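A look at the structure
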Amino acid sequence: MQRTISTFLFFMVVSSQLLAQAPNSAPKSDKSLYSNNQILTMEDMVFNNSITPIKKVPLDTCSILIYDLDGKLISYNLNTEKINWKAQATDSDRTMSGNKLTIKDGIVYVPFINGEIYALNNQTGKAFWKTRLGNIKKGIIIKSQIPTIVDNQLFITTQNDNSNIYALDINDGGLIWNYKLDYPYNHIPILFFNNMVFTQSAPYFYSFDAKTGKALYKRVFNKAMYGKPITDNKNVFISDESRTLYAMNPNNLDILWQYELPENQYNIKERIFCHNNNIYFGTKGSGKTAVYSLKSENGILNWKTEFNNEKIEYITENNGFLWGYTEKGVIFKLDLITGKKMEEFQLTNIPVSNIEFKNETFLLYYCEAGLIEFDVPNKKEKYLYMRSSIDSGDAFIKLIR
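Residues numbered from 1 in each chain as written. Predicted model: local features only at pLDDT ≥ 70, side-chain atom pairs only at ≥ 80, totals over all residues. Heavy atoms only, no water.

On to the UniProt feature "domain: Pyrrolo-quinoline quinone repeat" (unreviewed entry) in the protein, then. Per the UniProt record, the feature "domain: Pyrrolo-quinoline quinone repeat" (unreviewed entry) sits at residues 162–304. The distance separating the terminal C-alpha atoms of residues 162–304 is 40 Å; by composition the span is 0% helix and 52% strand. (UniProt positions renumbered as here; feature names shortened; annotations may be inferred. Helix = DSSP H or I, 4+ residues; strand = E, 2+ residues; numbered from the N terminus.)

A word on the nonpolar core. Counting residues in hydrophobic clusters, the biggest one holds 22 residues, and the most contacted among them are Tyr 109, Ile 117, Leu 133, Leu 154, Ile 156, Tyr 166 and Leu 168. Sorting the residues of this core by element identifies strand E2 (46–50), strand E7 (107–111), strand E8 (116–121), strand E9 (127–133), strand E11 (153–157) and strand E12 (164–169) as the ones contributing at least two each. Per element, the largest residue contribution to this core is three residues, and it comes from E9. Excluding its chain neighbours within four sequence positions, the residues that come into contact with Leu 168 are Val 46, Ile 117, Thr 131, Leu 133, Asn 152, Gln 153, Leu 154, Gly 173, Gly 174, Leu 175 and Ile 176. (Core = buried A, V, L, I, M, F, W, Y, C linked by side-chain atoms within 4.5 Å. Buried < 20%, exposed > 50% of the residue type's maximum accessible area, 1.4 Å probe, protein only. Contact = heavy atoms within 4.5 Å.)

For the structure on display, the rule yields 16 salt bridges. Across the pair Lys 137 and Asp 91 runs a salt bridge, and its minimum N-O distance is 3.9 Å. Of the two residues, Lys 137 is situated in the loop between E9 and strand E10 (148–150) and Asp 91 in the loop between strand E5 (82–87) and strand E6 (102–104); the sequence distance between them amounts to 46 residues. The residue Glu 373 makes a salt bridge to Lys 358 at a minimum N-O spacing of 2.8 Å. Here the residue Glu 373 occupies a position in strand E34 (residues 370–375), and Lys 358 occupies one in the loop between strand E32 (356–357) and strand E33 (362–367), the gap between them amounting to 15 residues. Accessibility expressed as a relative area gives 8% for Glu 373, which makes it buried. If you follow the salt bridges from partner to partner, you end up with Asp 91, Glu 116, Arg 132 and Lys 137 in one network. (Salt bridge = Lys/Arg side-chain N within 4 Å of Asp/Glu carboxyl O.)

Spatially, the four strands line up as an open sheet ordered E32-E33-E34-E35, and their pairing is antiparallel. In this open sheet, the two edge strands, each paired with only one partner strand, are E32 and strand E35 (380–386). The sheet contact formed by E33 and E34 spans six bridges and is antiparallel. By the bridge assignment, Leu 364 is partnered in E34 with Glu 373. (Pairing = 2+ DSSP bridges.)

Below, the discussion takes up the pairing of E34. Among the six residues in E34, six count as buried, and that is most of the element. Linking E33 to E34, which pair antiparallel, is a turn of two residues. As consecutive antiparallel partners, E34 and E35 are separated by four residues, and within that stretch Lys 379 has a phi angle of approximately 55°, a positive value.

In structure tokens form, the structure reads like this:
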């Protein structure tokens, strides 16, 4: 009772600064019994403001979502070439993107670096709910995250003065469970697999029961785990900040095998994915870098395709091929089975985002000047949207479909 009264008094004092959000410092059930952080402070308390009941929304399939470099989210109509709506964090000084978004049932779930998460109507940009993780006015709270949504739960990790993993209710943004992580360096999206959640925190790698938040296992490594965790639907894989990729048993985090990169290559980070029981990843480094394919079962090398003095910046899979681009703006297409280079072309406008495939002929990416449509057969670049701000950094785009 004392905790409830204290939370209410705190909210009355700061409500004008917090979007009139309602404090939800206590989870909605006794699942908090598994949390190591049950008494939430100003740094990690959850404030959720439910604006309107959540409901499925038809998709605006003529539009693309642009999470711009300045931290604004834009819905842009590709047919009319006009902006439908914009959304941004409450703190106007947070002019940085740094995160990604998820669409489920026509609702856009987007985190901002100041710790806010919004659930927006994809057609209008109007909010169903807004949640803030902590009341920290300076510094970055959410970075390099994409909301992972399973059933009615949204999973995300925070960093710096907050540093929790949260499970939020997608119906109103309220807290279901949370757990305090050991370090403030939580820069990688989480993985959901087999009713478990996996996440890193500097040298630690954790597994949690997704429903209750109960900590299951924690493994410590010699270096920071700075790679995106992935799965082949059997095991989980994660790389460190240096040269090692690990395969682990998801049930106990025992190491099954590990793969060492050459000394001049490192930092797989988020340039990794699984497809048909194979792992594909790209590297950075000095001299020759490469895209690799390994058998997920045992880590045996399938193939390696080298790039001279070109750091691999991004890779993805589309229609049975591996696409990517280098730091200097060379876009490439590889055969997934052999690693053979099918396409390679120097772009004029260097990408700073992921790639979206409009169809078999056109792909889309974002550069510091705006949205580019690339005609693959004719190797031509066309501006679809010119941005006005001068910010630099990373962006994210998402076709609505």
